[in-house]
Amino acid sequence: MIDEVRDLTKGAYAVADKTSEPALDTVLSVPESQPPLKAIMAFVLAMIAALVGIVFWLTHPQLDLYTQSVLSLSGSPAQGRSIFVMNCVACHGQWANGKVGPNLHGVSDRKSDARLVQQVVSGETPPMPQFQPSPQDMADLLSYLKQL
Ligand code: HEC
């Protein structure tokens, strides 16, 4: 009888050892308090990628289709000169030295190609009117402005 009880007690301890004790250990050692390093690295890398993307987007603004097609064409300065004579000399002077509008010599040092196109087609700086040259005419005009 006593032996039987002893056996039962042993059994009970054995069961307790196998179930509750290791289970408690496992619960306590779940690494919830420290996020996995891989997740942190992935987050940091994603943030860096997003930052690079934003900086690139800010420094390389998307050009509209018109400007894109103008910049993809090669212009003739001689053609550009005759377009300039017909449309621009009244304000910028016969040789682009300036009258109502400013002197345009060296203007391509101050403004990018895309900004020069915008200057001509946007009409954002009155009294300079909004011009609507074809992409080829604009490319010719641009090549003339760039060699002033
Ligand atoms: C009615 C007068 C007028 C006509 C016509 C005109 N412009 Fe202008 N233009 C101006 C004025 C005024 C400015 C200065 C605008 C400002 O920045 O406030 C200017 C500015 C510019 C600029 C920028 C100059 C700079 O220093 O940043 C460019 C480039 C230019 N014009 C090109 C042209 C071209 C090319 C044509 C012909 C297709 C033309 N303009 C026709 C009046 C005119």
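Bear in mind that the values here come from a model prediction, so they are computed numbers and not experimental data.

Novice: Got a minute to help me understand unusual backbone geometry in this structure?
Specialist: It is generally the case that most residues other than glycine have a negative phi and that most peptide bonds are trans. Pro 127 follows Pro 126 through a cis peptide bond whose omega is 10 degrees. With respect to the helices and strands, the residue Pro 127 is situated in the loop between helix H7 (113-122) and helix H8 (135-146). The phi angle at Ala 96 is positive, at roughly 60 degrees, despite the residue not being glycine. Mapped onto the elements of the fold, Ala 96 is located in the loop between helix H5 (89-92) and helix H6 (107-110).

Novice: What should I look at first to understand the environment of Pro 129 in this one?
Specialist: Relative to the elements of secondary structure, Pro 129 occurs in the loop between H7 and H8. Pro 129 gets classed as exposed once you count the C-beta atoms within 10 Å, which come to 11. On a C-alpha basis, the gap between Pro 129 and Asn 87 in space is 10.0 Å, while along the polypeptide they are 42 residues apart.

Novice: I tried to follow the site of the ligand on my own but got confused; where do I start?
Specialist: Taken together, 23 residues surround the ligand, and among them Cys 88, Cys 91, Gly 101, Thr 125 and Met 128 come closest. Contributions of two or more residues to the shell around the ligand are made by helix H4 (77-87), H5, H6, H7 and H8. Across the shell around the ligand, the residue classes break down as 16 nonpolar, five polar and two charged.

Cut-off values and rules
Residues numbered from 1 in each chain as written. Predicted model: local features only at pLDDT ≥ 70, side-chain atom pairs only at ≥ 80, totals over all residues. Helix = DSSP H or I, 4+ residues; strand = E, 2+ residues; numbered from the N terminus. Buried ≥ 20, exposed ≤ 12 C-beta atoms within 10 Å, placed from the backbone. Near = placed C-beta within 6 Å. Nonpolar A, V, L, I, M, F, W, Y, C, P; charged D, E, K, R; others polar.

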